[in-house]
Number of protein chains: 2
Amino acid sequence: MNIRHTLSVALGARSYPIVIGDGLLDGGYDLVQHIRGRHCMIVSNETVAPLYLDALAACLSGARVESVVLPDGEAHKTLETMSRVLDALVAARAARDVAVVALGGGVVGDIAGFAAASYMRGVDFFQIPTTLLAQVDSSVGGKTGVNHPAGKNLIGAFHQPRGVLIDTQTLTSLPQRELAAGLAEVIKYGAIVDAGFFAWLETHIDDLVGRDPDLLAQAIARSCELKAEVVSEDEREAGRRAILNFGHTFGHAIERCQGYGEWLHGEAVAAGMVMAARLSGLPEADVDRLSDLLRRAGLPVTPPAIGGDRLLDAMGLDKKVLKNRLRFVLLEQLGRAFVSSDYDADRLERLLAAADA
Amino acid sequence: MNIRHTLSVALGARSYPIVIGDGLLDGGYDLVQHIRGRHCMIVSNETVAPLYLDALAACLSGARVESVVLPDGEAHKTLETMSRVLDALVAARAARDVAVVALGGGVVGDIAGFAAASYMRGVDFFQIPTTLLAQVDSSVGGKTGVNHPAGKNLIGAFHQPRGVLIDTQTLTSLPQRELAAGLAEVIKYGAIVDAGFFAWLETHIDDLVGRDPDLLAQAIARSCELKAEVVSEDEREAGRRAILNFGHTFGHAIERCQGYGEWLHGEAVAAGMVMAARLSGLPEADVDRLSDLLRRAGLPVTPPAIGGDRLLDAMGLDKKVLKNRLRFVLLEQLGRAFVSSDYDADRLERLLAAADA
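Residues numbered from 1 in each chain as written. Chains lettered and ligands numbered in written order. Predicted model: local features only at pLDDT ≥ 70, side-chain atom pairs only at ≥ 80, totals over all residues.

1. Quick notes on the overall build of chain A
Here's step 1: The helix and strand inventory of chain A stands at 13 helices and 11 strands.
Here's step 2: Taking 2.2 N^0.38 as the reference for a compact globule, 357 residues should give roughly 21 Å; the C-alpha atoms of chain A span a radius of gyration of 20 Å, in line with that estimate.
Here's step 3: Overall size of chain A, expressed as C-alpha extent along the three principal axes, is 65 × 40 × 35 Å.
Here's step 4: The 357 residues of chain A split such that 52% are buried.
Here's step 5: Within chain A, contacts between residues at least 6 apart in sequence are counted, and of these 73% link residues at least 24 apart. (Helix = DSSP H or I, 4+ residues; strand = E, 2+ residues; numbered from the N terminus. Rg over C-alpha atoms; globule rule 2.2 N^0.38 Å. Buried ≥ 20, exposed ≤ 12 C-beta atoms within 10 Å, placed from the backbone. Contact = placed C-beta atoms within 7 Å.)

2. Observations concerning the interface of chain A and chain B
Here's step 1: In this complex, chain A contributes 20 residues to the contact, which on the side of chain B involves 20 residues.
Here's step 2: Where the side of chain A that touches chain B is concerned, the elements lending two or more residues are helix H3 (79-91), helix H4 (106-118), strand S7 (143-148) and strand S8 (151-158) of chain A.
Here's step 3: Here the side of chain A that touches chain B takes six residues from S8(A), the largest share from any one element.
Here's step 4: Along the lines of polarity and charge, the residues of the side of chain A that touches chain B split into 11 nonpolar, seven polar and two charged. (Nonpolar A, V, L, I, M, F, W, Y, C, P; charged D, E, K, R; others polar.)

3. Some remarks on the relation of the copies chain A and chain B
Both copies of the chain are related by one operation, a rotation about an axis with a shift along it.
Here's step 1: Mapping chain A onto chain B is achieved by rotating through 180° and translating by 0.0 Å along the same axis, at an RMSD of 0.0 Å. Viewed as a symmetry operation, the transformation between the two copies matches a two-fold axis.
Here's step 2: Mapped onto chain B, 100% of the interface residues of chain A again fall at the interface, so both copies present the same surface. (Least-squares fit on C-alpha atoms with pLDDT ≥ 70 in both.)

4. With respect to the nonpolar core
Here's step 1: With 244 residues, the main nonpolar core has A:Val43, A:Val100, B:Val43 and B:Val100 as its most contacted residues.
Here's step 2: Setting aside anything within four residues of it in sequence, one finds A:Val43 in contact with A:Val68, A:Leu70, A:Val85, A:Val100, A:Val101, A:Ala102, A:Leu103, A:Val108, A:Ile111 and A:Ala112. (Core = buried A, V, L, I, M, F, W, Y, C linked by C-beta atoms within 7 Å.)

5. Side note on helix H6 (residues 176-193) of chain B
Here's step 1: Its 18 residues place the ends of H6(B) 26 Å apart at the C-alpha level, agreeing with the 26 Å of an ideal helix rising 1.5 Å per residue.
Here's step 2: With respect to burial, H6(B) is a largely interior element, 15 of its 18 residues being buried. (Expected span 1.5 Å × (residues − 1).)

6. Describing the confidence of the model for chain A
Here's step 1: Per-residue confidence for chain A gives a mean pLDDT of 91, with 95% of residues at or over 70.
Here's step 2: The complex model carries a pTM of 0.91, and its ipTM stands at 0.88. (pLDDT = per-residue confidence, 0-100.)

7. A closer look at the environment of A:Trp200
All names here are of chain A.
Here's step 1: Structurally, Trp200 is set in helix H7 (residues 195-209).
Here's step 2: Its 16 C-beta neighbours within 10 Å are what place Trp200 among the partly exposed residues.
Here's step 3: Expressed as a C-alpha distance, the spacing of Trp200 and Ala253, which sit 53 residues apart in the sequence, is 30 Å.

8. Structural notes on the packing of helix H10 (residues 265-279) of chain B against helix H11 (residues 284-296) of chain B
All names here are of chain B.
Here's step 1: Here H10 crosses H11 at 175°, and the two axes come no closer than 10 Å. For the element pair H10 / H11, the angle class is roughly antiparallel. Contacts between H10 and H11 pair Ala270, Met273, Val274, Ala277 and Arg278 from the former with Val287, Leu290, Ser291 and Leu294 from the latter.
Here's step 2: Grouping the amino acids of the contact of H10 with H11 by side-chain chemistry returns seven nonpolar, one polar and one charged. (Axes fitted to C-alpha atoms, helices over the stretch in contact; angles between N-to-C directions. Parallel < 35°, antiparallel > 145°, perpendicular 65-115°, else oblique.)

9. Quick look at the pairing of strand S3 (residues 39-45) of chain A
Residues and elements named next belong to chain A.
Here's step 1: With seven of its seven residues buried, S3 lies for the most part within the structure.
Here's step 2: Side chains of S3 alternate between two faces, with His39, Met41, Val43 and Asn45 and Cys40, Ile42 and Ser44 buried alike.
Here's step 3: As judged from the seven bridges shared by S3 and strand S4 (residues 64-70), these two strands associate in the parallel manner. Bridge pairing in S4 places Ile42 opposite Ser67.
Here's step 4: Taken together, S3, helix H2 (residues 49-59) and S4 form a β-α-β motif whose crossover is right-handed.
Here's step 5: By the bridge criterion, four bridges tie S3 to strand S5 (residues 99-104) in an arrangement that is parallel. Bridging across to S5, Met41 finds its partner in Val100. (Pairing = 2+ DSSP bridges. Right-handed = clockwise from strand over helix to strand, strands pointing away.)

10. Thoughts on unusual backbone geometry
Here's step 1: Phi is positive for A:Arg93, which is not a glycine, with a value near 50°.
Here's step 2: Considering the arrangement of structural elements, one finds A:Arg93 in the loop between H3 and S5.
Here's step 3: Positive phi, close to 55°, is recorded for B:Asn153, a residue that is not glycine.
Here's step 4: Among the structural elements, B:Asn153 can be located in strand S8 (residues 151-158).

11. Describing the domain arrangement of chain A
All names here are of chain A.
Here's step 1: Domain annotation for chain A reports domain 1 (2-173) and domain 2 (177-353).
Here's step 2: Computed from C-alpha atoms alone, the centre-to-centre distance between domain 1 and domain 2 is 27 Å.
Here's step 3: Each partner contributes to the interface: domain 1 provides 24 residues, whereas domain 2 provides 25 residues.
Here's step 4: The set of elements that each furnish at least two residues to the side of domain 1 that touches domain 2 consists of strand S1 (2-9), strand S2 (16-22) and helix H5 (132-138).
Here's step 5: Looking at the side of domain 1 that touches domain 2, the element that brings in the most residues is H5, giving five residues.
Here's step 6: Each residue belonging to the side of domain 1 that touches domain 2 can be placed in one class, and the counts come to 13 nonpolar, seven polar and four charged. (Domains from an automatic or database assignment.)

12. What to know about the pairing of strand S6 (residues 124-129) of chain B
All names here are of chain B.
Here's step 1: Counting buried residues in S6 gives six out of six residues, a clear majority hidden from the surface.
Here's step 2: The side-chain alternation of S6 yields two buried faces, one formed by Asp124, Phe126 and Ile128 and the other by Phe125, Gln127 and Pro129.
Here's step 3: Of the pairings in the sheet, the one linking strand S5 (residues 99-104) to S6 comprises six bridges and is parallel in character. Bridge pairing links Ala99 to Asp124 in S6.
Here's step 4: Viewed along the sheet, the connection from S5 through helix H4 (residues 106-118) into S6 turns out right-handed.
Here's step 5: The pairing of S6 with strand S9 (residues 163-167) spans two bridges and is parallel. The residue of S9 that forms the bridge with Gln127 is Val164.

This is the structure in structure tokens:
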């Protein structure tokens, strides 16, 4: 076991460490030292639990360990499923010093985090994300929650974890398409705040796709660091944090048009980032650098043929008043993003036409 | 309209005002100035809504006002009922700047507050408590939540209101028994932290029971002030805040033995406070002062004949090991409380015997 990187997310009294390493769950990391009450409730899902639950429980020997295994998938990210975690905590007579440990992807983390925020008005929470997307995205920032039939993530809480443990070994079991979807967010960090990291990704993207554990750990560490910097400045999402949504206005519209689950979130964001880069009026050479990098990661770089008008509609825009109606995250250059509603409406219209069949 | 008292609950950036007056809901108070998004969702119940909902809506003219009316009673303080408030917010397409306004007693406030904490991970929340208990207790402190079949208030959040509006006129419609139950908590504040206030209550208790609006406003203001002082020192209930539970260890046990709803919470706490005062070893004259004051307020001062052993059991105690097993809030003298597990076990046993039929 080899601890490669330890970062700290700086949030004053609620600061927490992110430990990134290869094989942390193979018994080498003493997680139990951080579990104040020596009692934990692992929350996982049907896909991940058979792979890593036993290993995690072994890491926690010395503590009382219980678990609740949820069905897999975004469709189950509901108040009802969250309530199952609460029921499990109640059934275990968990006290205020219990720790909820999320083992899985973003959905598991979001549900478990919201349950931890709500049980007795807040108990300790640890994240062990097992997908690249969760490792570089949802494990930093403190957002937890569930979906409402009317909208994603409408119900939830800000609840910072006490710690995040990222074992890059868990990526060996991740489907290639999900690895690529995670890389979309990694590339995003380069595009919005770190041109040097973007260039580093251009150098190493083939090895990252090939799952080189050293390079993956470096990419994850840098992504978490960059997200943590942005989040630390704006924990409650008043302003700057919005740049993390680069590519997401188009991406969400693509997901909504297709029905969720057709493209993975990261795939929709990939195509959305290229659209947002074009809307920014970046030099064509820079747009090409972005789309080449995404393509090499195995990601789509143009929207599916769902029709420009439908896309417009899904963004809540009216064709007659395109201008200044939405706030987009735009790029001043590769590595520097800003938020603005002052975009070129003609350019937006041409971009959307590209989505016509 | 006459604003009698305005207090501030000091919680740094989350500080908020409590405005106390006679007839605030009769159109004299401009609540809408505090509603940032000019959109509010009033949460009330079937008993209170017919009495005050129209008046409140009139206070909010200029804002978009919607409401959700919940069934009345502690039995409905569940995640399902809270989910109805969330559904109403979603149906109203409420944005991040919506304000949730609780109009009712403690149950309405707890449910509405938890919904406000959870909708979009936290929106503005205002309290308009209409029972004396809610006015002097749940409107200060930021605790929100719902019950789980296995226990009260197991699920919730700390979510401070943006403001609390207390119209003493609403007390005119309160049943006498509920008024008395509220006075139990008022008397509690005197007993635990303010001997002068306790003496003031001894002077004025008959007029308070007679609902003198001036004196009620003064008693509410002082109670909120005292609770706010304790809470400000210990927002997350790590230590000192526990003294607010004076009388509650016995009180909760009484409620549990009788089944909730037989005695009102304030009634059980009243009898519990006398028991706790005796357990403290206060001079008999001081115990008498406390029990006389409670009796004059219309409250019980001895436990019901439910049996000492059952009471013991409901407190989670074993008859063979009575000593040092629980932390009680005890009185050093009238007006000064402390928390200790160093109590006289023989005295506890004699006290419990008083509950034998």
